[in-house]
Amino acid sequence: MSCQTGISASPRLAAYLAGASHRGDRCIKIIIQDEELDLEQARVRVSDYESDWDRNVLVCVEEGSPCYILYQLDETNPEGEALYVFMTYIPNDTSVKNKMLFAATRATMKRIFGDNRIKTEYLGTLPEELSLQGYRNTVLSQDAKAPMTEAEKELEQVSKDEAMMRSQMSTNSATLPGLTLPATQELVTNLEKFKKGFVNYVQVKLDTEKEELKLWDCSNINVSELSGKVPEDEPRYHIFNFNHQHEGENIWRVVFLYSCPGYNVPVKQRMMYSSTKATFLTVYRKWE
């Protein structure tokens with residue numbers, strides 16, 4: 001159900017998880033680096049899990065640096081394997097693209113480690129939410145709810161992640177109705193021109209560094225020229241007002257195109273375009 005990012009474990013992480021050494025480690029911190037899941041640090045078990053918790057987990061969380069943390073409990077599953085708490089840490093000041101990346105890669109991380117070894121999982125945006133007390137609060141909250149199926153759990157978590165990311169996106173510049181990322185004023189102005197019929201084609205670029213939508217091209221073209229407008233190295237959104245004849249009637253239709261040249265485009269960039277596409281389409285359907 002959740003979006004897949006194509007990210008996999010680095011050779012170092014794969015070798016670590018395949019070996020026996022990680023079974024003696026209390027706390028494992030994993031990051032996404034160079035479009036791979038990678039081991040950043042592992043901290044050994046010293047005492048019981050409650051005594052070890054804060055001195056291990058809280059040193060792993062850093063301002064502006066999202067990560068996954070696997071924390072070993074003092075109990076086992078039916079196969080005799082240690083059970084873990086799986087924490088996804090996405091601080092409030094994380095960039096939008098990294099929030100999306102870590103939220104969407106969570107399911108992949110669980111599969112690599114082994115779903116049957118995870119007792120509890122939750123998302124934190126503040127260090128105190130990953131403290132021992134934060135974990136206890138999470139367990140109490142989960143115990144108070146009626147049992148859910150695995151599908152319901154995943155849907156609930158995806159909804160929470162999406163709500164969190166929407167609420168934290170920048171609102172400093174002009175925005176389009178229903179669009180989650182801000183749009184530059186130049187783009188808003190030219191979209192109004194498109195809506196009024198002064199131009200029939202607009203191309204939009206998603207600036208992943210500034211996390212905003214901006215105008216890339218605005219012109220009047222024939223349908224035969226449309227393919228020549230599609231970049232070969234970057235994704236784009238295209239809006240085209242298609243004028244054609246049908247049964248003798250002159251018809252205008254707004255056509256939305258999302259072009260992406262393939263997997264040579266960085267994962268973060270593909271994710272940002274695909275995640276913004278649905279709301280972008282909703283806006284333009286209202287214009288027809």
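Refer to the structure above for everything that follows.
Let's talk about the overall build of the chain
Part 1 of the reasoning: When helices and strands are tallied, the chain shows 7 helices and 10 strands.
Part 2 of the reasoning: With 288 residues in all, the chain has 45% of them scored as buried.
Part 3 of the reasoning: Sequence separation of 24 or more characterises 59% of the internal contacts of the chain that already satisfy a separation of 6 or more.

With respect to unusual backbone geometry
Part 1 of the reasoning: Even without being a glycine, Asp34 presents a positive backbone phi close to 55 degrees.
Part 2 of the reasoning: By the secondary structure assignment, Asp34 is in the loop between strand S2 (25-33) and strand S3 (36-44).
Part 3 of the reasoning: One non-glycine residue, Glu211, lies in the positive phi region at around 55 degrees.
Part 4 of the reasoning: Topologically, Glu211 is positioned in the loop between strand S7 (201-207) and strand S8 (212-219).
Part 5 of the reasoning: On the accessibility criterion, Glu211 (14% relative accessible area) is buried.

Thoughts on the sheet that holds strand S9 (residues 236-246)
Part 1 of the reasoning: On the basis of which strands lie adjacent, the open sheet formed by 4 strands has the order S8-S7-S9-S10 and antiparallel pairing. The sheet terminates laterally at S8 and strand S10 (249-259), the two strands that pair on one side only. The sheet shows a mean angle of 20 degrees between the axes of neighbouring strands, taken without regard to direction.

A few points about the sheet that holds strand S6 (residues 118-124)
Part 1 of the reasoning: Read from one edge of the open sheet, 6 strands run S1-S3-S2-S4-S5-S6, paired in mixed fashion. The open sheet terminates on both sides in strands that have one partner only, identified here as strand S1 (8-9) and S6.
Part 2 of the reasoning: Bridging between S1 and S3 involves 2 bridges; their strand directions are parallel. Bridging across to S3, Ser8 finds its partner in Glu36.
Part 3 of the reasoning: Relative to the sheet, helix H1 (residues 11-18) contacts S1, S2 and S3, its axis offset from that of S3 by approximately 45 degrees.
Part 4 of the reasoning: Contacts from helix H3 (residues 96-113) reach S1, S2, S3, strand S4 (67-76), strand S5 (82-89) and S6 within the one sheet, and its direction differs from that of S4 by about 35 degrees.

A look at the packing of aromatic side chains
Part 1 of the reasoning: For the structure on display, the rule yields 11 aromatic pairs.
Part 2 of the reasoning: When the ring of Tyr49 is compared with that of Trp53, the centres are 6.4 Å apart and the planes differ by 65 degrees; the resulting orientation is edge-to-face. One end of the pair, Tyr49, and the other, Trp53, are both in helix H2 (residues 49-57), 4 residues apart, so they sit about a helical turn from each other.
Part 3 of the reasoning: Pairing Tyr84 with Phe113 gives two aromatic rings, centres 4.8 Å apart and planes at 85 degrees, and the pair type is edge-to-face. Of this pair, Tyr84 sits in strand S5 while Phe113 sits in helix H3; the two residues are 29 residues apart in sequence, bridging distant segments of the chain. Take Tyr84 and Phe113: they sit in the same class, and that class is buried.
Part 4 of the reasoning: An aromatic cluster is built from Tyr49, Trp53, Tyr71 and Tyr135, whose rings are joined through pairwise contacts.
Part 5 of the reasoning: Stacked on the ring of Phe113, the Lys or Arg Arg117 has its end atom at 4.2 Å from the ring centre.
Part 6 of the reasoning: One cation-aromatic arrangement involves Arg236 over Trp216; the distance from NZ or CZ to the ring centre is 4.5 Å.

Calculation notes
Residues numbered from 1 in each chain as written. Predicted model: local features only at pLDDT ≥ 70, side-chain atom pairs only at ≥ 80, totals over all residues. Heavy atoms only, no water. Helix = DSSP H or I, 4+ residues; strand = E, 2+ residues; numbered from the N terminus. Buried < 20%, exposed > 50% of the residue type's maximum accessible area, 1.4 Å probe, protein only. Contact = heavy atoms within 4.5 Å. Pairing = 2+ DSSP bridges. Axes fitted to C-alpha atoms, helices over the stretch in contact; angles between N-to-C directions. Phe/Tyr/Trp six-rings, centres within 6.5 Å; stacked < 30°, edge-to-face > 60°. Lys NZ or Arg CZ within 6 Å of the ring centre and 35° of its normal.

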